Amino acid sequence: MASLTNFGDEARIAFDTLAGRAAGLVSPSLRLGVTGLSRAGKTVFITALVHNLLHGGRLPLFQAQKSGRISRAYLEEQPDDAVPRFQYEDYVAALVKERLWPDSTRAISELRLTIEYESASAWGRMFSRGRLSLDIVDYPGEWLLDLPLLAKDFATFSREAVELATLPVRADLSVEWRALAAATDASSPADEMVARQLAESFSAYLRACKEDGRALSTLPPGRFLMPGDLEGSPALTFSPLPDLGGGRAKPGSLAAMMERRYEAYKTHVVKPFFREHITRLDRQIVLIDAMQALNAGSEAVADLERALAEILACFRAGRGFFLSDLISRRIDRILIAATKADHIHHESHDRLQAIVRRLTDRAVDRARLSGAGVEALAMAAVRATREGTVKQGGETLPVIIGTPLEGETIGGERFDGETETAIFPGDLPQNPEGVLNGAASPIRFVRFRPPRLERTAEGITLSLPHIRLDRALQFLIGDRLE
Ligand SMILES: Nc1nc2c(ncn2[C@@H]2O[C@H](COP(=O)(O)OP(=O)(O)OP(=O)(O)O)[C@@H](O)[C@H]2O)c(=O)[nH]1
Ligand SMILES: [Mg+2]
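### Side note on the coordination of the magnesium ion (ligand 2)
Only T43 (OG1) and T105 (OG1) from the protein reach the magnesium ion (ligand 2) as donors, at distances of 2.0 Å. One end of the pair, T43, is in helix α2 (residues 42-54); the other, T105, is in the loop between α4 (88-98) and β3 (109-117), and 62 residues separate them in sequence.

### Observations regarding the site of ligand 1
For ligand 1, the set of nearby residues contains 21 residues, the closest of which are K42, T43, T105, G141 and D342. A distance of 2.7 Å separates a nitrogen atom of ligand 1 from a polar side-chain atom of D342. Within the contact set of ligand 1, a nitrogen atom lies 2.9 Å away from a backbone nitrogen or oxygen of V382. For ligand 1, the protein covers 96% of the area, taking 650 Å² as the surface of the free molecule. Among the residues forming the shell around ligand 1, the class breakdown is 10 nonpolar, 7 polar and 4 charged.

### Some thoughts on the sheet that holds strand β9 (residues 395-402)
Pairing within the open sheet is antiparallel, and its 3 strands lie in the order β8-β9-β12. In this open sheet, the two edge strands, each paired with only one partner strand, are β8 (386-392) and β12 (421-423). With strand direction ignored, the average angle separating the axes of adjacent strands in the sheet is 45°. Where β8 meets β9, 7 bridges bridge the pair, whose relative direction is antiparallel. Bridging from a neighbouring strand, G388 pairs with V399 of β9.

### Some thoughts on the sheet that holds strand β1 (residues 29-36)
Taken together, the 7 strands give an open sheet; going across it, the order is β2-β3-β4-β1-β5-β6-β7, and neighbouring strands pair in mixed fashion. The sheet terminates laterally at β2 (70-76) and β7 (373-378), the two strands that pair on one side only. Looking at each pair of strands side by side, their axes are set apart by 20° on average, direction ignored.

### A closer look at the nonpolar core
If you look at the biggest cluster of nonpolar residues, it comprises 81 residues, and the most contacted ones within it are L147, M258, L294, L352 and L428. At 10 residues, the largest contribution of residues to this core is made by helix α9 (residues 254-276). Not counting chain neighbours up to four residues away, the residues in contact with M258 comprise F154, A195, L198, T237, F238, S239 and L241. Counting 43 residues, the second largest nonpolar core, distinct from the first, contains L335, M379, V382 and L453.

### Description of unusual backbone geometry
Following P220, the chain continues to P221 via a peptide bond in cis, the omega torsion being -5°. Position of P221 among the secondary structure elements: in the loop between α8 (192-210) and α9. One non-glycine residue, A215, lies in the positive phi region at around 50°. Turning to its location among the elements, A215 is positioned in the loop between α8 and α9.

### Some details on the packing of α2 against α4
Running from N to C, α2 and α4 cross one another at 90°; their axes reach a closest spacing of 10 Å. Between α2 and α4, the interaxial angle falls into the category roughly perpendicular. Contact with α2, carried on its side by T43, T47, V50, H51 and L54, involves Y88, Y91, V92 and L95 of α4 and no other residues of that element.

About the criteria used
- Residues numbered from 1 in each chain as written.
- Chains lettered and ligands numbered in written order.
- Predicted model: local features only at pLDDT ≥ 70, side-chain atom pairs only at ≥ 80, totals over all residues.
- Heavy atoms only, no water.
- Donors = N, O, S within 2.8 Å, 3.2 Å for Na, K, Ca; no water.
- Helix = DSSP H or I, 4+ residues; strand = E, 2+ residues; numbered from the N terminus.
- Near = heavy atom within 4 Å.
- Polar contact = N/O pair within 3.5 Å; in protein donor to acceptor, adjacent residues only side chain to side chain.
- Areas by Shrake-Rupley, 256 points an atom, 1.4 Å probe, with all protein chains shown as cover.
- Nonpolar A, V, L, I, M, F, W, Y, C, P; charged D, E, K, R; others polar.
- Pairing = 2+ DSSP bridges.
- Axes fitted to C-alpha atoms, helices over the stretch in contact; angles between N-to-C directions.
- Core = buried A, V, L, I, M, F, W, Y, C linked by side-chain atoms within 4.5 Å.
- Buried < 20%, exposed > 50% of the residue type's maximum accessible area, 1.4 Å probe, protein only.
- Contact = heavy atoms within 4.5 Å.
- Parallel < 35°, antiparallel > 145°, perpendicular 65-115°, else oblique.

Shape descriptors only; they carry no functional weight alone.
Have a look at this one:
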C-alpha cells in the first residue's frame, strides 16, 4: 500500500495539532466534522443545528438546553482566516422566508458557534469557564470520495475503476469511455488531446452514474464531479487506464503522464483537504441519505455501502494507522445518521436506523472505529412534513403531509410546489438485509419543500422543526457541556 503522507506532511500535521491544542487551552473548542456524500444534507444539518441553538429551539433530549443551563449561544469569528465563512444567514433566509433548500455546495466554508453554559455540577462551576466553541466545516460531498485515493497508486485506482465500470448497473453508462480507453495505447507518446478526451469521457460517465435514476455513490475522483476552481487544470485532466500491466510506465508515455497527474491530484488537491480539515476533527457525524439509494434500487444501496466502507476506513483511529500516532485530537465519537427521516412515518424510523446501521456495520468493524463511541440514528435536520391518517375503504392509513417540490411526480400526478398533499409513503422493509439483496420491493419517495414555520399564540415564530436533532446534539456535544 502506498504511504499516505511523507515525513514533511506528518511533521506539519503534528505541528498543527499541537498548535491547535495550545489554542484550545485558550478557548475550549470542539471541531465537529459534518461528513456525507453529495446531497446527504450537510448544509441543511449545519444550518438547522445553528438555528436551533441560536433561537432556543425545542430540544428536549439535549440536556444542557432542557435544564436551562445554556445562557447564551452566538456566532463568533472563525479560527481559520483563509477559509470562507459558512453563509448561515443566507441559508436561513432562503429556508425560512422562501422555503428553498440550499444549492449544492461548491467550496469549503467554516463557522464558529460559541455556547456559554453553566456547568451541571458545583465542582464544574468552580473550575470550568462555561464556554465551548463549536467549529463546523461545510464542503462539497463529492470531495469526500477522494480520501480513499490517498492509499491507492495509479495502477490500483485504474484497476478498480475498470472493474466498477463493467458492473451491470454501470456498463451501459461507461460504454463510450471504455471503448475510448480500449482503443488507446497507454505506451504511446503522451498527447494532451488524448488525455483531455479520456478525462472528459470519464467525467461524463461519472456524472451519469450520479443521476437520480442510478443514484450511485462510489464515483472517484470527486473533483471530476465538483471541480471548484481547478476546472481544466492538468491535475484534473487524467483518466484511469485499462491493461496497464505491471512495472513502471515508459518515460514520456501516455501512461506515465496520467500517473504523474493522478499523483499531482493526490498531492495538491486531496492531501491538503485531508490535512487541513479531516485530521483536525474531534467528533463526527456521518450523514447518509439512504432514501435516495432505496429509491433507485439494491445496486444503488450496495454502491452506497461500498463508498461508505472506503470513506470510513480513512477515519479509523487506533494503532497501525499511518497517521494515528500524530493525530492527538483523535475522533472519539461518531454518529451515523440516516437523514431525511421526515419522508417516512415515524413507525418506520427504527427500520431506517437499522438500514444505515447495516450499511455501515462492516465498515465500522473493519476500520476498528468501534473504539470511538459509534451510534446510529434516524433523523431529519429540517422536518418538512407532518403526520396524519387517511381513511380509505374502511382502513386507516398513516400518511405524511407536506408540499412536494415542483416537478415531483407520483403515479403520473405532477406537483406544482405550492399544494400541500397527503402521501402514503409505504413501509421500509423490516429486515435491512432485504434492501441489499434486492428482496425488498422498491420504494418511491417524493421530495418536499421546506416547511412553513409555525407561530405561537403570541405571534412568535418557532425555530426550524426537526426529528431527533436534539438526540444528535446530545451525543455529539452533550458531555462537553456537563
Ligand atoms: N425533507 C428533508 N429534506 C432534506 C433534509 N436535509 C436535506 N434535505 C434535502 O436534501 C437536499 C440536499 O441537502 P444539502 O444539505 O444541500 O446536502 P449537502 O450534503 O450539503 O450536499 P452537497 O453540498 O451537494 O454536498 C436538499 O436540497 C433537500 O432537498 C431534511 O432534513 N429533510
Ligand atoms: Mg452542501
